[in-house]
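This is what each chain is made of:
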Amino acid sequence: MTNRVVLAYSGGLDTSVAIGWIAEATGADVFCVAVDVGQGGEDLDVIRQRAMDCGAKDAYVADARDEFANEYCMPALKANALYMDRYPVVSAISRPVITKHLAIAARKFGADTVAHGCTGKGNDQVRFEVSITSLAPDLKCIAPVRDLALTRDKAIDYAERNNLPIVTTKSNPFSIDQNVWGRAVETGFLEDIWNAPTKDVYNYTDDPAFPPVADEVVITFREGLPVAIDGQSVTPLQAIQEMNRRAGAQGIGRIDIVEDRLVGIKSREVYEAPGAMALIAAHQELENVTIEREQARFKKMVDQRWTELVYDGQWFSPLKKSLDTFVDDTQRYVSGDIRMVLHGGRATVTGRRSETSLYDFNLATYDEGDTFDQSQAKGFIEIFGLTSKQAAARDVRFGNGVQL
Ligand code: ARG
């Protein structure tokens, strides 16, 4: 029934083989879209041509770099998104933007089905398919690696038999996913969680054990977004790229974690996200200076829930949208400068400056100029502690007091 399928094409072995594989299994014409989310590496025109050489009826490259930075990385920054307090949702935020371009391509080519190259064991299949459901519920979705049981050996075999212009080494040590927000590396010898990552795992960061001289940077934010670095105006994409370069040189943002996948598996992941981690550290500190205490405490919970929703493939969900509104509202006064020293794997904040700061020197100072009336503290503590005092007295009455 399907006569046109649009495949999210990466240029790698699996999606290259998938072109012919889908065509044979479904009888459909296969069209490809490769989405540029700042993954670097191979020239995307080469990738486009490879799709054609592997049998695509048509293929194009969608430049989504600014869109990805503005509409996906920046919301993640505003929410300080760190899944399990560590992982800056690198792959999780790229799937919705790739899916959006997949849906656009489906309309363009008049396809009724889209396809992706995920396996059946990961989070990414969920992110693609749940996103498609929200964006274009009429589209069907197929996953050849999962649904047509395209194993790695079969893929290599197919590529060799059909002379596909793709490198087919049997020993590809890792599964890698990368974009401007970071890089994810898994599988291979990393599956033994006692094995330390070797040097070849890393690409965005240099070894933090042998850093160059310390690098001081001033990042200017306006309403939660980086707008200048060392006084030079930057777009969000440029801010991420510049911090990737500078924090990467210092080995900042290496993360090695056993992570809870949505599908119930614990998996070992190694990430590098130098720019993201440095920007989040700066943004968090500026929030400490500018966001009111109760709003800040509540925002921590919202940030975590936002991150879990995004990790779980709910980017386009109603709750995620509502939380976006809350997060955006909190950013009204998150403006100012953060000075950081980048060195030996760490991004350390050393200074903050903001016109919209809530830090009041005269309230905080222990020196001359104190405007805080300390005599009021006594009564405050009396009433604040009353509820605990009452409960403790009852414990004593019933013999449950704290033994000293
Ligand atoms: N576990 C991470 C996540 O779910 C990274 C997935 C990366 N994908 C890959 N093909 N290596 O977001």
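Data block above holds the structure.
Residues numbered from 1 in each chain as written. Predicted model: local features only at pLDDT ≥ 70, side-chain atom pairs only at ≥ 80, totals over all residues. Heavy atoms only, no water.

Engineer: Provide a residue-level description of the overall build of the chain, including the pertinent values.
Structural biologist: Within the chain, the secondary structure is distributed over 14 helices and 14 strands. Seen along its three principal axes, the alpha-carbon backbone of the chain occupies a region of about 85 × 55 × 45 Å. A burial count over the chain gives 46% of its 404 residues as buried. Within the chain, residue pairs in contact and separated by at least 24 positions form 73% of the contacts whose partners lie at least 6 positions apart. Mean positive and mean negative side-chain charge positions of the chain (44 and 58 charges, respectively) differ by 3 Å. (Helix = DSSP H or I, 4+ residues; strand = E, 2+ residues; numbered from the N terminus. Buried < 20%, exposed > 50% of the residue type's maximum accessible area, 1.4 Å probe, protein only. Contact = heavy atoms within 4.5 Å. Lys, Arg positive; Asp, Glu negative; His and termini not counted. Charge placed at Lys NZ, Arg CZ, Asp CG, Glu CD.)

Engineer: Now, about the nonpolar core: what can you tell me, with residues and values included?
Structural biologist: Grouped together as the largest cluster of nonpolar side chains are 77 residues, with contacts concentrated most on Val6, Phe68, Ile93 and Trp181. Ranked by residues supplied to this core, first place goes to helix 4 (residues 90–109) with 10 residues. Excluding anything up to four places from it in sequence, Val6 contacts Phe31, Val33, Leu102, Ala105, Ala106, Phe109, Ala111, Thr113, Val114 and Ala115. Judged by nonpolar contacts, the second largest core, of 28 residues, contains Val17, Ile19, Ala28 and Leu150. (Core = buried A, V, L, I, M, F, W, Y, C linked by side-chain atoms within 4.5 Å.)

Engineer: How would you explain a nonpolar patch on the surface if you had to name every residue and give the values?
Structural biologist: Residues Phe380, Ile381 and Phe384 make up a contiguous nonpolar surface patch of about 390 Å² in total accessible area. Position of Ile381 among the secondary structure elements: in helix 13 (residues 375–384). Residue Ile381 is classed as exposed on the basis of its relative accessible area, which comes to 56%. (Patch = residues over 30% accessible without salt bridge, like charges linked within 9 Å, V, L, I, M, F, W, Y side chains within 5 Å. Areas by Shrake-Rupley, 256 points an atom, 1.4 Å probe, with all protein chains shown as cover. Salt bridge = Lys/Arg side-chain N within 4 Å of Asp/Glu carboxyl O.)

Engineer: An account of the side chain of Glu67 is needed here, citing residue identities and associated values.
Structural biologist: Summarising the element assignment, Glu67 is placed in helix 3 (residues 65–78). Among the polar contacts made by the side chain of Glu67, one reaches the side chain of His101 at a distance of 2.7 Å. (Polar contact = N/O pair within 3.5 Å; in protein donor to acceptor, adjacent residues only side chain to side chain.)

Engineer: Describe the site of the ligand, with residues and values.
Structural biologist: Near the ligand lie 14 residues; those nearest to it are Tyr87, Asn123, Arg127, Glu259 and Tyr271. At 2.7 Å, a side-chain N or O of Asn123 approaches an oxygen atom of the ligand. Within the side chain of Tyr271, a nitrogen or oxygen atom sits 3.3 Å from a nitrogen atom of the ligand. Considered on its own, the ligand offers 350 Å² of accessible surface; in the complex 90% of this is hidden by protein. For the shell around the ligand, the elements supplying multiple residues, two or more each, are helix 4, helix 5 (124–135), strand 6 (175–179), strand 7 (182–186) and strand 12 (266–272). When the residues that make up the shell around the ligand are grouped by side-chain class, the tally is 5 nonpolar, 3 polar and 6 charged. (Near = heavy atom within 4 Å. Nonpolar A, V, L, I, M, F, W, Y, C, P; charged D, E, K, R; others polar.)

Engineer: I'd like a rundown of helix 1 (residues 13–26), residues and numbers included.
Structural biologist: Here helix 1 spans 20 Å end to end across 14 residues, near enough to the 20 Å set by a 1.5 Å rise per residue. Bending of helix 1 peaks at approximately 30° at the position of Ile19. Among the residues of helix 1, Leu13, Thr15, Ser16, Val17, Ala18, Ile19, Gly20, Trp21 and Ile22 are the ones counted as buried. Gly27 sits one or two positions beyond helix 1 and adopts a positive phi of about 75°. (Expected span 1.5 Å × (residues − 1). Bend = angle between axes of the 7 residues up to and from the residue.)

Engineer: Can you lay out the packing of helix 8 (residues 236–249) against helix 9 (residues 274–290) for me, pointing to particular residues and giving the numbers?
Structural biologist: At a closest axis distance of 7 Å, the pairing of helix 8 and helix 9 adopts a crossing angle of 100°. By the angle class used here, helix 8 and helix 9 are roughly perpendicular. Together, Ala239, Ile240, Met243, Asn244, Ala247 and Gly248 of helix 8 and Pro274, Gly275, Ala276, Ala278 and Leu279 of helix 9 make up the contact between the two elements. Split into classes, the residues belonging to the contact of helix 8 with helix 9 amount to 8 nonpolar, 3 polar and no charged. (Axes fitted to C-alpha atoms, helices over the stretch in contact; angles between N-to-C directions. Parallel < 35°, antiparallel > 145°, perpendicular 65-115°, else oblique.)

Engineer: Residues and numbers for the packing of aromatic side chains, please.
Structural biologist: A full pass over the atoms with the stated rule returns 12 aromatic pairs. Ring centres of Phe31 and Phe109 lie 4.5 Å apart, and the angle between their planes is 25°; this geometry places the pair in the stacked category. Placement of the pair is Phe31 in strand 2 (residues 29–36) and Phe109 in helix 4, with a sequence separation of 78 residues. On the basis of relative accessible area, Phe109 is assigned to the buried category, the value being 8%. Ring plane angle 15° and centroid distance 5.5 Å describe the contact between Phe380 and Phe384, whose orientation is recorded as stacked. Taken together, the residues Phe380 and Phe384, both in helix 13 and 4 residues apart, mark about one turn of the helix. By relative accessible area, Phe380 is classed as exposed at 53%. Under the relative-accessibility criterion, Phe384 is labelled exposed at 62%. Over the ring of Tyr60 we find Lys108; its NZ or CZ atom is 5.0 Å from the centre of that ring. The ring of Tyr311 is capped by Arg127, whose NZ or CZ atom sits 4.9 Å from the centre of that ring. (Phe/Tyr/Trp six-rings, centres within 6.5 Å; stacked < 30°, edge-to-face > 60°. Lys NZ or Arg CZ within 6 Å of the ring centre and 35° of its normal.)

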